[in-house]
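Single-letter residue listing:
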Amino acid sequence: MHTQTHACLDEIPADQWNGLVEGGYPFLRHEFLSALEHHDAVGRRFGWLPHHLACYDADQRLVGAAPLYLKDNSYGEFVFDWAWADACERAGMPYYPKLVAAIPYTPAPGPRMLTAPGHHETAGLALVTAAVEEARRLRVSSLHWLFTSSSDDALLTHQGLLLRTGCQFHWHNPGYRDFDDFLATFNSERRKKVRRERRRVAEQNVEVRVLHGHETCGADWSTFHRFYAATFHRHGGVPTLSEGFFAEVARTLGDRVVLVLAACGGRDVAGALCFRSDDTLYGRHWGCDDTYDGLHFEACYYQGIEYCIRHGLRHFQPGAQGEHKIWRGFEPTATASMHWIAHPGFRQSIARFLEHERQEMTCYIAEMRAHTPFKAAP
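As the structure is a prediction and not an experimental result, all values here were calculated from the model. All chains use their own residue numbering, which begins from 1 and follows the written sequence. Local features are withheld for residues below a pLDDT of 70 in this predicted model, meaning they are given only at 70 or higher, and side-chain atom pairs are given and counted only at 80 or more; totals for whole chains, interfaces and linings count all residues. Water and hydrogen atoms were dropped before computing side-chain values, which therefore reflect all heavy atoms in the structure.

With that settled, consider the layout of surface pockets. Of the two site types, the cavity is a set of points on a 1 Å grid over the protein atoms alone where a 1.4 Å probe fits but cannot get out, and the pocket is an open set with protein on both sides within 12 Å along at least five of seven lines, each lined by residues with an atom within 4 Å of a point. Grid points are joined across faces, edges and corners, and a volume is the space filled by probe spheres set on the points. If you add up the space inside the largest pocket, you get close to 980 Å³. Starting at the N terminus, helices and strands are each numbered in turn, a helix being any DSSP run of H or I of at least four residues and a strand any DSSP run of E of at least two. Counting residues per element, the ones that place at least two in the lining of the largest pocket are helix H8 (218-234), strand E12 (267-276), strand E13 (280-288) and helix H10 (295-311). Put simply, the second largest pocket is a space of about 410 Å³. Lining the second largest pocket are 19 residues, with Phe78, Phe80, Gly166, Cys167 and Met361 positioned closest to its centre. Those elements that place two or more of their residues in the lining of the second largest pocket are strand E9 (162-172), strand E15 (331-341) and helix H11 (344-369). Ranked by residue count, the leading element in the lining of the second largest pocket is E9, at 6 residues. Three classes are used, and their members are as follows: Ala, Val, Leu, Ile, Met, Phe, Trp, Tyr, Cys and Pro are nonpolar, Asp, Glu, Lys and Arg are charged, and the others, Gly among them, are polar. A class-by-class count of the residues in the lining of the second largest pocket yields 10 nonpolar, 7 polar and 2 charged.

Turning our eyes to something else, we now look at the side chain of Ser34. Within the fold, Ser34 resides in helix H2 (residues 30-38). With a 1.4 Å probe rolled over the protein chains alone, any residue whose accessible area is under 20% of its type maximum counts as buried; one over 50% counts as exposed, and the rest are partly exposed. Since its relative accessible area comes to 4%, Ser34 is described here as buried. At 2.6 Å, the side chain of Ser34 forms a polar contact with the backbone oxygen of His30. Contact between two residues is taken to exist if any of their heavy atoms lie within 4.5 Å; hydrogens are not considered. Apart from the residues lying within four places of it in its own chain, the contact partners of Ser34 are Leu9 and Asp10. Polar contacts, as counted here, are pairs of nitrogen or oxygen atoms within 3.5 Å of one another; within protein the pair requires one atom able to donate a hydrogen and one able to accept it, and residues that are adjacent in sequence qualify only if both atoms are side-chain atoms.

Quick look at the side chain of Glu37 now. Residue placement: Glu37 occurs in helix H2. Charge counting follows a simple rule: Lys and Arg are positive, Asp and Glu are negative, and His as well as the terminal groups are ignored. When a carboxyl oxygen of Asp or Glu lies within 4 Å of a side-chain nitrogen of Lys or Arg, that pair is called a salt bridge. Buried charge without a partner: Glu37 forms no salt bridge, and the closest opposite charge is Arg44, 13 Å away. Only 2.9 Å separates the side chain of Glu37 from the side chain of His52, close enough to count as a polar contact. Residues in contact with Glu37, not counting those within four places in the same chain, are Cys8, Leu9, Val42, Pro50 and His52.

Shown next as structure tokens:
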């Protein structure tokens, strides 16, 4: 068994890479990651240089892989380490470049190591070892695995990486029959507020439709990209994903892409983009032309919940942050990332910080759980 780095995902055959992806997790599909490269969302312009790891057996069969990037910034990661970078620089040590095993611009927890059946431990260990060796060879300050799965965490912790805990707000489906069945679990006050919020959207003559990728056309993505870019421009950000990227993943991922479009007076005025696996819906981007009362919550949350119920999906991850999601039925959920720090002294400082941060995060999650809208247990 040996490992190799690839500066372009297209160097690895798509069928071999996708053969390692379980559960239809969309963000590790070859189509998604390669589209980022095809449309310059990653590369020198934004400081995400592909450095993908592949693990091959003696017969040159791909048995393990991980999306890896060499970075000269912390943009688009959603696990914020700017304070670490500042401390490192003040101590006279460069923090950048660093290596990051992540899905660019996508804070969706899931696997970050792909392994063939029967090879999880051997190929996983080979990937972790190769990543650390590459970090040492490149003399980078650190190596970060972001939004990892529990199986990844176990392997990475065993190899001495440091755990960082975060929090997102996720929705879970125990088997609701419909949206009213879901709302029946709410206390009376919150249930009325959600119904009023949804009713207000209809009263503004807004109509919402849901399309899968193969049901969309080029005009839909031109419209959605305008919404997406406007959101970034309003907040002083940079819209890294192009119209061509959206159109490509819609074509190549098909029903793994879910587009919510809202129209008023025959004109599309807002949109929300989701992706889906076999059991989970992932909310990613939102934008609008104008302000409509409650439309953000309808397009980004309630339509997603209805979609999950209709299609039997068990979970809905609507994206990072957002305490306003709690009383709409999303529950605080711990997320994980794992970190290797080259400098021993800096590693000790980071380890102490993470220990305190985990304690605070545990308290925060407990506090947030006290504010969910659900009826008290009898």
